Amino acid sequence: MPNYIGPDRIIEKKQRYMIPCLYHFYERPMQIVKGEMQFLYDSEGNKYLDFYSGVSTINCGHCNPAITERVCEQVKTLQHVSSIYLTQPVVDVAERLAEIAPGKLKRSFFVNSGSEANEGAILLAKVYTHDSEVLALRNSLHGRTQLTISLTGLSFWRTEPNPVGGISFVPNPYCYRCPLNLKYPDCDIACAQEVERVIETSTSRNVAAFIVEPIQGNGGIITPPPEYFKEVKRILDKYGILLIADEVQTGFGRTGKMFCMEHFGVSPDIMSVAKALGNGMPIGAFITTDEIAECFTRPGSSTLGGNPVSMAAALATLDYIEENDLPGRAARLGDYLRSRLIELKNKHRIIGDVRGLGLMQGAELVHEDRSPAVKEIDIILEKLKDRGVLLGKVGEFRNVLAFQPPLIIEKEDIDQVIETLNEVLVEME
Ligand code: PMP
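Procedures and definitions
- Residues numbered from 1 in each chain as written.
- Predicted model: local features only at pLDDT ≥ 70, side-chain atom pairs only at ≥ 80, totals over all residues.
- Buried ≥ 20, exposed ≤ 12 C-beta atoms within 10 Å, placed from the backbone.
- Helix = DSSP H or I, 4+ residues; strand = E, 2+ residues; numbered from the N terminus.
- Pairing = 2+ DSSP bridges.
- Right-handed = clockwise from strand over helix to strand, strands pointing away.
- Near = placed C-beta within 6 Å.
- Axes fitted to C-alpha atoms, helices over the stretch in contact; angles between N-to-C directions.
- Contact = placed C-beta atoms within 7 Å.
- Left-handed = near helix turned anticlockwise from the far one by under 90°.
- Nonpolar A, V, L, I, M, F, W, Y, C, P; charged D, E, K, R; others polar.
- Domains from an automatic or database assignment.
- Parallel < 35°, antiparallel > 145°, perpendicular 65-115°, else oblique.
- Expected span 1.5 Å × (residues − 1).
- Arc of directions from axis to C-beta.

Is there a simple way to think about the pairing of strand β8 (residues 242-246) in this case?
A regular strand places its side chains so that they alternate between the two faces of the sheet. The buried count for β8 comes to 5 of 5 residues, which makes it a mostly enclosed element. Note that strand β7 (residues 207-212) and β8 share 4 bridges and pair parallel. Bridging across to β8, Val-212 finds its partner in Ala-245. Each parallel crossover has a hand, and for β7 linked through helix α8 (residues 228-239) to β8 it is right-handed. Two strands pair when backbone bridges link them, and β8 and strand β9 (residues 270-273) are joined in this way by 3 bridges, in the parallel orientation. Paired with Ala-245 across the two strands is Met-271, which belongs to β9.

Right under this line is the structure:
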C-alpha cells in the first residue's frame, strides 16, 4: 500500500500553506486516494458510495476506463499547442455540442471552468446587446471570479467587499419557502412576474442578460415549476434581454435530459457548461446561436481552453453518455430515487421537502416548525460517511441533503443509500 500522509497531516499542510477559504466537509475527514466508477476509497482502505460525484462532475463514473484510456492516449500524443495552430479535437467537440445543444445553439468557445464559461457568456451578452446590467436569481451560484461571485446570490459563497455593480437579484422559484409567501399553483407563478418588476423598478433598463441555473444546485436543488422559464423568457424577449442558462451542474444527462432547460421547453440564448463535459478533466464552454456569435469577432482565446487532452476527455465522455443513454438512465433511476426519498419523508418528520429532476434530488431537513435542521445535517452526513455513503450539503441555510451520484449507478446503490439514511435517521430520533 502506498505511504499516504493521512488526513491529519493534510489538514496541517492545508492550514499552513493554503488560503483558508478552502474548506472541507466532516469532523473526521478522510484522505481520498482512489476512484472507481461510483466508488471512492480512502487511505485506510475504506470504500464509499459516492452520491455527490464531485458536485455533479463525474456523470460517467470515476476513472471510467472508456474515458481515461482515451485521455491517456491523447496525453502521450499531443498535450497542448497554442490555438494559433489548427487541431481537430476542439472542432469535433464543438460539432458534437452543436448537435446536442437545445434550439439554435451552435457555436462554442472553450475555457477551463464553469466560472470562466459564465464570465464569457456574460461578456458575449454585453457585446451583443450593448447593454451592461445583469439579472441573477437569489440563492444562485455562478463561480469564483469577481464577476461570477457578484452574480452569486448565496452569501456563503460570496467574498466581499467589492462586488461588481449593475447586478440585480430576482426572487427565486423556491416553492417550499416561497420568497413571496405564496403557494403554488395558486400563486400564478408570481416569482416569474417579479422578473418584470425588477427590470422596471431596479435597473436602468440597460439589461444585457438574466443568468439562471435551471435547477439551483448549491442554492438547495431549487426546482422551478414547469411553466416558470416559459414565462420568464416571454418577459425577457419583450425587453430584448438574453437568457443565459448555467448548465454547469445540470448538463449532460444529470436531470434526465441532455440539458435541463429541455424539461421547461425553453431554449436559452447562451448556455454555459463545464464539470461533467470533461468527467473530471478541467473544461468549460459557452455556446450560442449563429446570430449572437457573429458579434464576437475581436481576437480572443484561452491558452488551455480547447486543449487536446480536455477535448479528448469531452469526446470520450459524450460518446459514453450517448452510447449508454445516461439521460434515460438518470430519468429512470431518478424517479426511483425520488420515490424512495418520499417514502423516507413519510416516515421521518425531519425531511420537510423532496425535490429535483433525474439524478439531481434534494431533501430539505427541518424541525417541526420548519426551521432549518442545520446541526442535524452535519451529524447525519458524518454518520453516513462512517457507514460508507457520501452525500452533499446545499441550500441557503445549508440544510438540504444533495443526491447527485454518477449516472452509472445501479438500483441497488440507491437502495443502499436509502437504507443507510433510514438507519441513521432512526438512530437520531
Ligand atoms: N455554475 C454552477 C451552477 C456551479 O455549481 C459552479 C461550481 N460549483 C460554477 C458555475 C463554477 O464552476 P467552476 O468551479 O468550474 O468555476
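From this point, things continue past the structure.
How should I be thinking about the site of the ligand in this particular structure?
The ligand sits among 16 residues. The nearest are Ser-113, Gly-114, Ser-115, Gly-143 and Val-248. Looking at the shell around the ligand element by element, the count peaks at 3 residues for helix α5 (residues 114-129).

Looking at this structure, I do not really get the sheet that holds strand β4 (residues 107-111). What am I missing?
To summarise the sheet geometry, strands pair through backbone hydrogen bonds and adopt either a parallel or an antiparallel arrangement. A sheet is described by the order of its strands in space; here 7 strands give the open sequence β4-β10-β9-β8-β7-β5-β6, paired in mixed fashion. In this open sheet, the two strands that pair with only one neighbour each are β4 and β6 (167-170). For this sheet, the mean inter-axis angle between neighbouring strands, taken without regard to orientation, is 20°. Strands in contact with α5 are β4, β5 (133-137), β7, β8, β9 and β10 (284-288); relative to β10, the strand with the most contacts, it is inclined by about 25°.

Just to check I follow, could you spell out the sheet that holds strand β14 (residues 392-394) for this structure?
Ordered by their spatial adjacency, 4 strands build an open sheet running β11-β12-β15-β14, and the pairing between neighbours is antiparallel. Sheet topology places β11 (351-357) and β14 at the edges, where each strand pairs with a single neighbour. Taken pair by pair, the neighbouring strands of this sheet meet at an average axis angle of 25°, ignoring direction. Contacts from helix α11 (residues 326-347) reach β11, β12 (360-365) and β15 (400-403) within the one sheet, and its direction differs from that of β11 by about 175°.

Whenever I open this one, the packing of helix α4 (residues 88-100) against helix α10 (residues 308-323) confuses me. Can you help?
Packed helices, taken two at a time, are described by their axes: the angle between them and the distance between them. Relative to each other, α4 and α10 sit at 35°, their axes nearing to 9 Å. Relative to α10, the crossing made by α4 is left-handed. Together, Pro-89, Val-90, Asp-92, Val-93 and Arg-96 of α4 and Pro-308, Met-311, Ala-312, Ala-314, Leu-315 and Leu-318 of α10 make up the contact between the two elements. When its residues are assigned to classes, the contact of α4 with α10 shows 9 nonpolar, no polar and 2 charged.

Whenever I open this one, the domain arrangement of the protein confuses me. Can you help?
Quoted interface sizes are often the accessible area lost when the parts come together. Partitioning the protein into structural domains gives domain 1 (7-60 + 326-428) and domain 2 (65-323). A separation of 25 Å is found between the C-alpha centroids of domain 1 and domain 2. Of all elements in the fold, only α2 (53-56), α11, β11, β12 and β15 reach the threshold of two or more residues within the side of domain 1 that touches domain 2.

Could you clarify how one ought to interpret the packing of helix α3 (residues 65-77) against α10 in this entry?
At a minimum axis distance of 8 Å, the contact between α3 and α10 shows a crossing angle of 155°. Classified by the angle their axes make, α3 and α10 are roughly antiparallel. The element α3 and its partner α10 pack so that their crossing is right-handed. Of α10, the residues touching α3 (which contributes Ala-66, Ile-67, Arg-70, Val-71, Gln-74 and Val-75) are Pro-308, Val-309, Ala-312, Ala-313, Ala-316, Thr-317 and Tyr-320. Broken down by class, the residue content of the contact of α3 with α10 amounts to 10 nonpolar, 2 polar and 1 charged.

Can you walk me through α3 in this structure?
For an α-helix, the turn length of 3.6 residues means that residues three or four places apart are oriented alike. Taking 1.5 Å per residue as the helical rise, α3 with its 13 residues ought to reach 18 Å, and the 18 Å between its terminal C-alpha atoms agrees with that figure. All buried positions along α3 are accounted for by Ile-67, Val-71 and Gln-74. All buried residues of α3 fall inside an arc of 65° around its axis, so they share one side. Turned more than 90 degrees away from the buried face of α3, the exposed residues are Pro-65, Glu-69, Glu-73, Lys-76 and Thr-77. In this fold, the buried residues of α3 make contact with α10.

What is the right way to read unusual backbone geometry from this model?
For residues besides glycine, phi is generally negative; the peptide bonds are generally trans as well. Omega for the bond connecting Tyr-184 with Pro-185 falls within 30 degrees of zero, at 5°, which places this linkage in the cis form. Structurally, the position occupied by Pro-185 is in the loop between β6 and α7 (190-202). At Arg-398, a residue that is not glycine, the phi angle is positive and equals roughly 55°. Inspection of the secondary structure assignment puts Arg-398 in the loop between β14 and β15.

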